[in-house]
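Here are the chains, one letter per residue:
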Amino acid sequence: MAWAILSLFTFPLHGEQISAPSDSLLERGYRFLTLSDESVRMVLLGTVLMGLSCGIMGSLIVTRRLSLFGDTLSHAVLPGVAVGFLWSHSKDSWAILAGATLAGFLGVALISLLKKTSRIRQDSALGLVLSGFYALGICMLTRIQKMEFGNQSGIDKYLFGQVVGLSSTDLWTMAFSFLLILALSIFLYKEMLVAGFDSEYARSIGLPVDFLQYLLWLLLAFAVITSLQIVGVVLVSALLVIPAATATLITDRMRPILIWSGLLGCMAAATGAFVSFLGSQLPTGPIIVLVSASFFLSVLFFHHRNGLLFKWFSSRNRNHRIALENTLKAVYQELESIDFQKESVSVGQLAKRRRASMPQAHREVSALVEKQYATLHADQSDSPASPKPVLISLTPKGWGTACRIVRNHRLWELYLTNEARYAADHVHDDAEKIEHVLGEETVRRIERILSNPRKDPHGKLIPSQRDIDRGFIS
Amino acid sequence: MSKNKKAEEPFIPDFDAVDTFLTPWATQAETAWNGQIVTMGILVSLACGLIGSFIVVRKLALMGDAISHGILPGLALAFIIMQSRALFPMFFGACLAGLLCSLCIEWLQKKSILKPDAALGLTFTTFFAFGVLLISIYGGNAHIDPECLLYGEIGLIPLAENLSIAGIQLGSRPLVSMLVVTILVIISIIVFYKQLLVTSFDYTLAKTLGLPVTLIHYGLMLLLALTIVSAFEAVGVILVISMLIFPSVTASFFFTRMPAILVSSLPLSFVYSIGGFFLARWLDCSIAGAMVLVASLCFGLGWGFGPKGGLAWQLFHRLKHPHPSIIERTNQYPIKE
Amino acid sequence: MNPSDSKPLEIHDLTVAYQRKPVLYGVDLEVSEGTLTGIIGPNGAGKSTLIKTIMGMVPSNGGWVKIFGKSAKKSYARVGYVPQRESVDWDFPVSVLDVVLMGRYGHVGWLKRVGKKDRIIAGECLEKVNMLPFADRQIGKLSGGQQQRVFLARALAQESDLYLMDEPLVGVDAVTEKAIIELLRELKNQGKTLLVVHHDLSTAKAYFDQLILLNMRLIASGEVEKTFTRDLLQKTYGGRLTIFTEVADQSAGVREYEKETESS
């Protein structure tokens, strides 16, 4: 029964393929969801704890721009793992945890020392410690392999992760780390917040900033080391960074980021465990990472406010709105040029004023008609032989909007030329953009400052609010 | 570290000078074999050290790390599709994946609100996970030894198939491809030295001088990807980063100008390779790991005792001049009347 | 020298917005040949952005820039740019001489080596700024004033016709400041054109013969006697035009507009 779990093997090349191949997808899924196997329960518990721990710690390091420290730490602990292994002659989790934590601390200390005493840049220092410690770890582990008590799974487990052989001791260490991390994020939340944001200030109000920093490294090391067993050296950093990065796209306040990171980490872990259980050859670690990454991509594109797709659509909408309003304004100006003697303008006239081609002008007019800002009708007065020019008339709704736009535009022009001393030829272009964003209140203020003017700098009439309300044209 | 009553071998083996230093060259066959290994090591360190010097000053050290992980899915796909370790598809696939990885990173950095380090960490790990997944699923067909991936097996280089062009046997394929890439790197750096220097140091000046800065950046990334792909078989995907960074940072404790730093990659590459080889023989461990250990040792020496900024000299200077006088301090600004 | 009818620098209606908030708005400028012009304005006024936009480091959202009558990109070779000190990586492994030699690269050509003539010119430029004794020193090992002088020397080595300098006198000791201003005056007398972002209002009148007052928009530009007046300075630094900045904020937030259209 425990053999079913072997389908979660990360590297089948090194392990036995044991899950009963005759089990169908459905049967496997059922087995997982009902948590009937003890090993399923253990794996699920392990991955969920891992997802939570890494998610929460990840939020603390990503927001402090320390994302790559997680990666460095996961490589740097390797010699410590080897030492722990040597000490206990077994895969005793506590010894390994201790050794690895020590190695992690040494690594972090070395990085700060390097930065303080030499000209080496931070990214180089990270790379040095990452690869130097890792190399030491590799040498020690390959060495251990050759000794009697070393066996194959020793190295593989830490390089690639191995969900099989997750012992109860392992789970205890993970639970222990998680509880500490949870305690930190609950009880020391505001201290960590201040220390992370502005350590100078934190120090000045008496916070033990250095102690908090060491605590952070310690718990990060715990999260990393306990996760190494499941996903291996390289992918740990993914578990730290991806959920937290996703959280920063969703919200911009620290507490929600923390909660979202933990949640996303946990969901990705559980989903990943499930998916890799279903497949018979799928390794757990990479699947969890890929699930996490797909969460990230979904949020990146589809988030209702910050998502890229949303932003593209809303800017397209805004552009459409602006184009619509410019068309309305052009119709108004065209009518104004004939002193509102007629009630409609031809599409040709519009095209000329908008400096657009006829097809484009037609498109703009269709947009107006669609929004019920205008109606189209044929010109009655022409002879049947010549092509009928199409005429545009504004609906009351159209008029109201056109007047409003023109009013904003002309007020703004006046403001710029009088108060801001703008050159006259600039003013049109600026106002083109600004008028679409002027709010009513601002407009009224401008009117007051300019003492309710009737004419703009070019001598044109400025429609007042009363004019608009009264249905201007009459 | 000898709590090993049960073990037959001690953790640190006894040092036998003859066995370590002389036996590798005992017979001609062995010399040929070991010679290839050492040569590969020298070429890897040299090429990586040279291009790494520019990567380091452009603060792209971790981008190098990212690319070296990002090539994995490309490699895996190339092996899986071609069912062999044929040279060209491997290079093509891996370089493509590596460049794609760096493009994705830069896109994320520009278009989303993610900080640069988060974008980096997120992208290359995802690429790597994808690569591992591919290998696990199609594992048997891929001819990839996962350990080789992670820390290389330079000892097996002589075993690789021979490359031959027009019937001429050139030698082990990884060795030959590494040689070609190394020569490419050397030539590029010599010919384009000024361009690389200016674009690394002062982007705006480069633009003022009319340089195609983006082209140069991607050219450098391409060269980096080529170097990483040809080196990974020897030292593995993770240790490449050390070969990129260690030489120039070690040299910076001895020299303060770029040309000198570039040139020091050569002696350092000899030290790393030969020292690593012997160290691995003694300790009977991974050769690539041993090379990096030697590199760390050299770095430690430089950091401790290097004349330009080494700790010993800093200490010495501070002891000699505990209180710089006002006159000394203002002598920094000589004024010409 | 290149005889040319076109002014060294002409800017029309230049607008630069960062995330929809305008930083520069409709700026019109002309700088004549052989002048020493200072740009002053409060913090965040867009002075650095102006220089950076001219140099193409920041994209513009409207208007154009012409250098010696041609588009900026075509004329870069005639422009010497001295950046703000913070933007340099002082740990870069180059010596003082290496930096100044970089200024000669435009004259050397791309596949050739730097020649003896270039080294001599570089040496002369270092001499002019009193930095020749430091030629072999790594640039990180210099004081603030020395660092500034190295970049000035590089700009001299470029032998440009138009010089753009971004706060060259920040964090520099008094003696170096005087020396730099002397050098700038000498360049002006040789017929070069200099445009300098200056941070210190109190010395602006003494150092420059032309001034540009900038606060998101151009407040004034011209002879220093005509522009350095209480009225104009108050306009620049005083922030009377509050509606303007409000609207600028609005256009970045677009909140009120959205609310309005929701109801319509």
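Because the structure is predicted, anything quoted here is derived from the model rather than measured.

Rules of the game
Residues numbered from 1 in each chain as written. Chains lettered and ligands numbered in written order. Predicted model: local features only at pLDDT ≥ 70, side-chain atom pairs only at ≥ 80, totals over all residues. Contact = placed C-beta atoms within 7 Å. Helix = DSSP H or I, 4+ residues; strand = E, 2+ residues; numbered from the N terminus. Nonpolar A, V, L, I, M, F, W, Y, C, P; charged D, E, K, R; others polar. Axes fitted to C-alpha atoms, helices over the stretch in contact; angles between N-to-C directions. Parallel < 35°, antiparallel > 145°, perpendicular 65-115°, else oblique. Left-handed = near helix turned anticlockwise from the far one by under 90°. Pairing = 2+ DSSP bridges. Buried ≥ 20, exposed ≤ 12 C-beta atoms within 10 Å, placed from the backbone.

S.K.: Outline the interface of chain A and chain B, supporting the account with residue identities and numerical values.
M.R.: In this complex, chain A contributes 57 residues to the contact, which on the side of chain B involves 57 residues. Contributing elements (two or more residues each) for the side of chain A that touches chain B: helix H3 (67-76), helix H4 (78-88), helix H6 (122-146), helix H7 (152-160), helix H11 (209-250) and helix H13 (284-302) of chain A. If you tally residues by element for the side of chain A that touches chain B, the top one is H6 of chain A, at 16 residues. Of the residues belonging to the side of chain A that touches chain B, the class tally is 37 nonpolar, 12 polar and eight charged.

S.K.: Pulling in residues and values, what's your account of the interface of chain B and chain C?
M.R.: In this complex, chain B contributes 23 residues to the contact, which on the side of chain C involves 26 residues. Of all the secondary-structure elements, those providing two or more residues to the side of chain B that touches chain C are helix H9 (193-201), helix H10 (203-208) and helix H12 (258-263) of chain B. Residues belonging to the side of chain B that touches chain C are distributed by class as follows: 11 nonpolar, seven polar and five charged.

S.K.: Any chance you could break down the packing of H11 of chain A against helix H12 (residues 254-278) of chain A for me, citing the residues and the numbers?
M.R.: Residue and element names in this part refer to chain A. The interhelical angle for the contact between H11 and H12, taken along N-to-C directions, is 130 degrees, at an axis separation of 8 Å. Here H12 runs oblique to H11, going by the angle between their axes. Viewed along their axes, H11 and H12 form a crossing whose handedness is right-handed. Residue-level inspection shows Leu-239, Pro-243, Ala-244, Thr-246, Ala-247, Thr-248 and Ile-250 of H11 in contact with H12, the latter providing Ile-257, Trp-260, Ser-261, Leu-264, Gly-265 and Ala-268. Grouping the amino acids of the contact of H11 with H12 by side-chain chemistry returns nine nonpolar, four polar and no charged.

S.K.: Which residues make up the sheet that holds strand S2 (residues 374-378) of chain A, and what values do they have?
M.R.: Residue and element names in this part refer to chain A. Strand order in the open sheet formed by three strands is S1-S3-S2, and the pairing between neighbours is antiparallel. What marks the edges here is a single partner per strand, and that holds for strand S1 (344-346) and S2. Direction aside, the axes of adjacent strands within the sheet are offset by 35 degrees on average. In terms of strand pairing, S1 meets strand S3 (residues 390-394) through three bridges, oriented antiparallel. Looking at the pairing, Ser-346 lines up with Leu-391 of S3. Where helix H16 (residues 358-370) meets the sheet, it contacts S2 and S3, and its direction lies at approximately 120 degrees from that of S2.

S.K.: Just give me the short version of the environment of Leu-136 of chain A, but keep the residues and values in it.
M.R.: With respect to the helices, strands and loops of the structure, Leu-136 of chain A is situated in helix H6. Given 21 C-beta atoms within a 10 Å radius, Leu-136 of chain A is considered buried. Setting aside residues up to four positions removed in sequence, Leu-136 of chain A forms contacts with Pro-79 of chain A together with Leu-293 of chain B.

Spatial relationships are all this shows, so hold off on functional conclusions.
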